[in-house]
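The lines below spell out each chain.
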Amino acid sequence: MEKQRIVSGMRPTGALHLGHYLGVLKNWVELQEDYRCLYFEADWHALTSEYKNPAIIAESTEDIVHTWLGVGIDPERSIIFRQSDIKAHAEFFLLLSMITPVSWLERNPTYKEIREELKEKDLGTFGFLGYPVLQAADIVIYHADKVPIGEDQLPHLELTREIVRRFNFLYGEGLLKEPKEILTTAPRVPGLDGRKMSKSYNNAIFIHETQAGLKEKVMQMLTDIKRMRRKDPGEPNDCNLYPFHDYFTDEAKRAEIRAGCRDASWGCVDCKRLLIKNLEAEFAPIWDKIAFYKGHKTLVDNILHEGGSRARALANITIEKVRDALRVG
Ligand code: TRP
């Protein structure tokens, strides 16, 4: 049987960090086992908020693909491409915009929240309002069965389904496919200062960190503030560093850490050293692969080119059906 199709995108607006690694990328890598996956860099979506600084998009578009390949997104199995290489997304976006009520977009909770949050960015643009319509086009153009997303993106997927239903109602049942979500429980990855890890808070550990950089960052991480001195006992549940052991340290060792923290036989530095060691073990092969791809530009260009051709072939099938349905050229 033909594998089900997965579509997901990421906005290239800066380097990827452990939050992306744990919350999105590990999951993307696993999904390749059971699904036909299309993963793309949503550079047009990035423009909706970064239109004043397109250089950052160009830069991170290159960077991110190295990271994807480094963590194990496999171009043999998955289609990897850049959104703006497939112009049919834009055409589909335009056509879907004809049938999408503005009121649906204005009441979208993500839209309201982000406009509030990023007040300094001036997001009162037509493009930003239309963000979910472009996202619907990205997904539906490939007849995606499933879309792996975090909870914050659920309203966008619901809108996608509403647009599909309206399209099918107007032009013919079954023309477009309604996608379902695969909800990824994005872990709340704390940053160096205890707030959510985010590039804009300047508290992130990046995937492509150097060994020295990684060490320095872990060493400066906040732990349980009750442990002022080495002999003060602590509580792993109140510690900003301990959650990382959940991802990178096996359970036997974690039990030892928890007990050791509570009776102060383990110090925070011991705990940090172990985490550094385990992070290095996980990321050393990834760093090697990232360095390899960085040094092989033609190879990476070819991967994106090849992915683009395969994506385009699939997108063209849908866009032709849609043009026919709307009687346009
Ligand atoms: N809006 C998504 C985000 O910010 C990125 C995205 C764009 C996307 N198009 C998509 C995700 C299509 C899934 C499917 O994370």
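Keep in mind it's a predicted model, so treat the numbers as computed, not measured. (Residues numbered from 1 in each chain as written. Predicted model: local features only at pLDDT ≥ 70, side-chain atom pairs only at ≥ 80, totals over all residues. Heavy atoms only, no water.)

Caption draft 1: Representation of the packing of helix α8 (residues 131-140) against helix α9 (residues 154-171). The contact between α8 and α9 brings their axes to 9 Å, and the two run at 70°. Between α8 and α9, the angle is such that the two are roughly perpendicular. Residues Y131, P132, V133, Q135, A136, I139 and V140 of α8 lie in contact with α9, whose contacting residues are H156, L157, L159, T160, I163 and V164. (Axes fitted to C-alpha atoms, helices over the stretch in contact; angles between N-to-C directions. Helix = DSSP H or I, 4+ residues; strand = E, 2+ residues; numbered from the N terminus. Parallel < 35°, antiparallel > 145°, perpendicular 65-115°, else oblique. Contact = heavy atoms within 4.5 Å.)

Caption draft 2: Representation of the nonpolar core in the model. In terms of nonpolar packing, the biggest core is built from 49 residues, with W68, I207, V218 and F283 touching the most fellow members. Listed by contribution, the elements that provide at least two residues to this core are β1 (5-10), α1 (18-31), β2 (36-41), α3 (54-71), α10 (211-219), α11 (242-248), α13 (268-294) and α14 (297-326). Ranked by residues supplied to this core, first place goes to α13 with 10 residues. Contact partners of F283, with chain neighbours within four places excluded, come to L18, Y21, I207 and F248. With 39 residues, the next largest nonpolar core counts V140, I141, I163 and L176 among its residues. (Core = buried A, V, L, I, M, F, W, Y, C linked by side-chain atoms within 4.5 Å. Buried < 20%, exposed > 50% of the residue type's maximum accessible area, 1.4 Å probe, protein only.)

Caption draft 3: Representation of the site of the ligand in the model. As a matter of local geometry, the ligand sits amid S8, G9, R11, F40, A42, H45, Y131, Q135, D138, I139, V147 and Q153. Side-chain polar atom of Q135 to a nitrogen atom of the ligand: 3.0 Å apart, as the coordinates give it. At a separation of 3.0 Å, a nitrogen atom of the ligand approaches a polar side-chain atom of Q153. In the complex, the protein chains occlude 89% of the 370 Å² of accessible area that the ligand would expose alone. Of all elements in the fold, only β1 and α8 reach the threshold of two or more residues within the shell around the ligand. The element best represented in the shell around the ligand is α8, accounting for four residues. Here the residues of the shell around the ligand sort into five nonpolar, five polar and two charged. (Near = heavy atom within 4 Å. Polar contact = N/O pair within 3.5 Å; in protein donor to acceptor, adjacent residues only side chain to side chain. Areas by Shrake-Rupley, 256 points an atom, 1.4 Å probe, with all protein chains shown as cover. Nonpolar A, V, L, I, M, F, W, Y, C, P; charged D, E, K, R; others polar.)

Caption draft 4: Structural context of the packing of α1 against α13. Put simply, α1 and α13 touch, their axes get as near as 14 Å, and they point 70° apart. With respect to α13, the element α1 is oriented roughly perpendicular. Residues L18, Y21 and K26 of α1 pack against L279, E282, F283 and I286 of α13. By residue class, the composition of the contact of α1 with α13 is five nonpolar, no polar and two charged.

Caption draft 5: Just the packing of aromatic side chains, in detail. As enumerated under the stated definition, the model contains 11 aromatic pairs in all. Taking 6.2 Å as the distance between ring centres and 70° as the angle between the ring planes, the aromatic pair formed by F128 and Y131 counts as edge-to-face. Per residue, the accessibility class of F128 equals that of Y131, and both read buried. Ring centres of Y247 and F248 lie 6.5 Å apart, and the angle between their planes is 70°; on these two criteria the pair is classed as edge-to-face. Take Y247: its relative accessible area is 34%, and that puts it in the partly exposed class. With relative accessibility at 9%, the residue F248 sits in the buried group. In this structure an aromatic cluster arises from ring pairing among Y21, Y247, F248 and F283. Looking at R195, its charged tip hangs above the ring of Y201, at a distance of 4.2 Å from the centre. (Phe/Tyr/Trp six-rings, centres within 6.5 Å; stacked < 30°, edge-to-face > 60°. Lys NZ or Arg CZ within 6 Å of the ring centre and 35° of its normal.)

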